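Structural description and commentary
Residues per chain, in single letters:
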Amino acid sequence: MIPTPDLSHLTSTDYEHVYEPAEDTFLLLDALEEHAGELKEMAPLTCLEVGPGSGCVSSSVGQILGSSTLQTVYLCTDVNPHACKCTRKTGTQNRTSLDVAKAFIDIILFNPPYVPTLTEELVDAQELRGIEGSWAGGSDGMEITNKFLELVGDLLSPRGRMYLVALKENNIPEIQTRMVNRFNLQSTIVLSRRAGREHLSIICFHR
Amino acid sequence: MVRLITHNLLACHAKGCTSNNFPLAFSNVQIEIREAEFNPEFLKNFIPKVEWNALVDTARQLGDTSLPLEQPEMLDEEFLKSLHHVLLEIHVEEGVMTCPNCKHEYPISNGIPNMLLAEHEIG
Ligand SMILES: C[S@@+](CC[C@H](N)C(=O)[O-])C[C@H]1O[C@@H](n2cnc3c(N)ncnc32)[C@H](O)[C@@H]1O
Ligand SMILES: [Zn+2]
């Protein structure tokens, strides 16, 4: 068992502005824990998390990898400035939206805003840079994820992998087929779980 | 935290800015030095990922001249220690990063770089 990262420095006021770890977060943590052995063996040099929110997921990877002698650079990028502050406090490096010049990220983590909403709702949420941006995903809940999926092929190192949280409504088989066809990225479903009304899965992409 | 290891990955992503958009130039910086654990294996593995000229130039901008202009063949302890310091221990807490091409300015505040562009700047 990997202990959940210590988030005791974050208060309920922080969670008015920043996504509080929930079922989707925990499913991603469980998937990473399931791959703990492989991840350690991989000895990743770089780990990029898009939308870290509280910073819980990257910190957890830090705990998984931390016991070995290797070292990893963690990059995090969130549109929400509160989330950047929280992530920083939670102990990883922060960026607000970064552009990586070269293809060499070993691990990518993304728990995106995946809830289907109207496109206008998504646009407003992105503009506000607040907590609404944690869930509003636009058409099929895929508008932000799709933008990012276009970049993954360029970002991932040859041995790299990406963990993505997705909802059944996001049409997971379509995502998987598209990533093979466009970028030759294979994928597997690591875990699936029902959480209230949401049916969540963790997809792991690799070359 | 903007360490040089991260800075070495950042390019300008403003609309139409696709060449000569790296490395971003620091100005008005406030720097903090924080000791990090020395891990020679990590450094050796990371060297192939580094844009060497950009790293050396940027370190010099920040007043650190310990790195040779040419990446050495022999990775001795002294060199690795300098590299360790430059990549992992220099933190830019405040300042501005300017694109060498389009001159877009990315501010750094409380150690967090703001790489967001306004709507009309997004390509
Ligand atoms: C569902 S929350 C996940 C938070 C955290 N990773 C977790 O698992 O608990 C989605 C996160 O993505 C961020 N986000 C939304 N749009 C983004 C964008 N365009 N670029 C980067 N981050 C974004 C949100 O601010 C939010 O922190
Ligand atoms: Zn530029």
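Parameters at a glance
- Throughout this document, residue positions are counted from 1 along each chain, in the order its sequence is written.
- The lettering of chains begins at A and the numbering of ligands begins at 1, in the order of writing.
- Confidence filtering applies because this is a predicted model: local features only for residues at pLDDT of at least 70, side-chain atom pairs given and counted only at 80 or more, and all residues used for totals across whole chains, interfaces and linings.
- The basis for every side-chain value is the complete set of heavy atoms in the structure, and neither hydrogens nor water enter the calculation.
- Each helix corresponds to a stretch of at least 4 residues labelled H or I by DSSP, and each strand to a stretch of at least 2 residues labelled E; elements are numbered beginning at the N terminus.
- Only C-alpha atoms enter the radius of gyration, while the globule expectation follows 2.2 Å times N to the 0.38, with N the number of residues.
- Accessible area is worked out with a 1.4 Å probe on protein chains only. A residue is then buried under 20% of its type maximum, exposed over 50%, and partly exposed in between.
- Contact definition: two residues touch when any of their heavy atoms are within 4.5 Å.
- For every accessible area listed, the method is Shrake-Rupley and the probe measures 1.4 Å; residues are considered covered only by the protein chains on display.
- When DSSP finds at least two bridges between two strands, those strands are taken to pair.
- In this text, near means that some heavy atom of the residue lies within 4 Å of the molecule or strand in question.
- In the analysis that follows, any N or O atom pair within 3.5 Å is treated as a polar contact, provided that within protein one partner can donate a hydrogen and the other can accept it, and provided that, for residues neighboring in sequence, both atoms belong to side chains.
- With water omitted from the atoms examined, metal sites may look incomplete; donors here are N, O and S atoms no farther than 2.8 Å from the metal, or 3.2 Å in the case of Na, K and Ca.
- In short, tetrahedral needs four donors with all angles between 85 and 135 degrees, square planar needs four and octahedral six donors with opposite donors over 155 degrees apart and all other angles between 65 and 115, and whatever is left is irregular.
- Sulfur atoms of two cysteines make up a disulfide when they are within 2.5 Å.
- The term nonpolar core refers to a set of buried residues drawn from Ala, Val, Leu, Ile, Met, Phe, Trp, Tyr and Cys, joined through side-chain atoms within 4.5 Å.
- Axis definition: a line fitted to C-alpha atoms, limited for helices to the stretch in contact. Angles are taken between N-to-C directions and run from 0 to 180 degrees.

**Observations regarding the overall build of chain B**
When its secondary structure is counted, chain B shows four helices and five strands. For chain B, the N- to C-terminal ordering of α and β elements is β-α-β-α-α-α-β-β-β. For chain B, whose C-alpha radius of gyration is 15 Å, the value lies close to the compact-globule estimate of 14 Å for 123 residues. Dimensions of chain B along its principal axes, counting C-alpha atoms only, are 50 × 30 × 20 Å. Per-residue burial for chain B yields a buried fraction of 49% across its 123 residues. Within chain B, contacts between residues at least 6 apart in sequence are counted, and of these 68% link residues at least 24 apart. Of the roughly 6100 Å² of accessible surface on chain B, a fraction of 47% belongs to carbon and sulfur atoms.

**Things to note about the pairing of strand β1 (residues 46-50) of chain A**
Residues and elements named next belong to chain A. The element β1 is extensively covered by neighbouring structure, given that five of its five residues are classed as buried. Burial of the side chains of β1 extends over both faces: T46, L48 and V50 are buried on one face and C47 and E49 on the other. In this sheet, strand β2 (residues 73-77) lies alongside β1 in parallel orientation, the contact comprising five bridges. What sits directly across from T46, in β2, is V73. The sheet contact formed by β1 and strand β3 (residues 105-110) spans four bridges and is parallel. Considered in β3, the bridge of L48 is made with I108.

**What about the site of ligand 1?**
All names here are of chain A. By nearness alone, 19 residues border ligand 1, and T25, G51, D78, N111 and Q126 come closest of all. G53 is positioned such that a nitrogen or oxygen atom in its backbone is 3.5 Å from an oxygen atom of ligand 1. Here Q126 contributes a side-chain N or O atom positioned 2.8 Å from a nitrogen atom of ligand 1. The fraction of the free accessible surface of ligand 1 (600 Å²) that becomes covered by protein chains is 94%.

**With respect to the coordination of the zinc ion (ligand 2)**
Six octahedral donors around a metal ideally sit at 90 or 180 degrees from one another, while four tetrahedral donors ideally sit at 109.5 degrees. All names here are of chain B. Taken together, the protein donors to the zinc ion (ligand 2) comprise C12 (SG), C17 (SG), C99 (SG) and C102 (SG), at separations of 2.3 to 2.4 Å. The coordination sphere of the zinc ion (ligand 2) comprises four donor atoms, whose angles at the metal cover 101 to 115°; the geometry is tetrahedral. Here the donor residues of the zinc ion (ligand 2) are spaced in sequence according to C-x4-C-x81-C-x2-C. Residue C17 is found in the loop between α1 (4-7) and β2 (25-33), and its partner C99 is found in the loop between β3 (90-98) and β4 (105-109); the two are separated by 82 residues along the sequence. The class of C17 is buried, set by a relative accessible area of 5%.

**Quick look at the state of the cysteines**
Taken as a whole and judged by the stated rule, the model has zero disulfides over all chains. With no disulfide of its own, A:C204 has A:C47 as its nearest cysteine by sulfur position, at a separation of 12 Å.

**Side note on the nonpolar core**
The biggest cluster of nonpolar side chains holds 62 residues, and the ones touching the most others in it are A:I108, A:F148, A:V152, A:M162, B:L55 and B:L83. Residue contributions to this core peak at six residues, all from helix α4 (residues 77-89) of chain B. Once residues lying within four places of it in the same chain are set aside, the contact partners of A:I108 are A:L48, A:F148, A:V152, A:L155, A:L156, A:R161, A:M162 and A:Y163. Counting 33 residues, the second largest nonpolar core, distinct from the first, contains A:L7, A:L29, A:C56 and A:I202.

**Describing the sheet that holds strand β5 (residues 186-195) of chain A**
Residues and elements named next belong to chain A. Reading across from one edge, β2-β1-β3-β4-β6-β5 is the order of the six strands in this open sheet, with mixed pairing throughout. Every other strand in the sheet has two partners, leaving β2 and β5 as the edge strands with one partner each. Taking the axes of each pair of neighbouring strands and ignoring which way they run, one obtains an average angle of 15° across the sheet. For β3 and strand β4 (residues 156-167), the ladder comprises five bridges, and the chain directions are parallel. Its bridge partner lying in β4, I105 is registered against L156. Against the sheet, helix α2 (residues 23-34) touches β3, β4, β5 and β6 (198-206), its axis set at about 135° to β5. Strand contacts of helix α4 (residues 56-66): β1, β2 and β3, with the helix running at about 170° to β2, the strand carrying the most contacts.

**A word on α4(A)**
Residues and elements named next belong to chain A. In terms of burial, α4 is a largely internal element, eight of the 11 residues being buried. Listed as buried for α4 are C56, V57, S58, S59, S60, V61, I64 and L65. Structurally, α4 contributes buried residues whose contacts are with α2, α3 (36-42), β1, β2, α5 (81-90) and β3.

**Some words on unusual backbone geometry**
All names here are of chain B. The amide bond that connects F22 to the next residue, P23, takes the cis arrangement and shows omega of -10°. Within the secondary structure layout, P23 lies in the loop between α1 and β2. Look at N20: it is not a glycine, yet its phi comes out positive at around 55°. Mapped onto the secondary structure, N20 falls in the loop between α1 and β2. Although it is not a glycine, N110 adopts a positive phi angle of roughly 50°. By the secondary structure assignment, N110 is in the loop between β4 and β5 (112-113).

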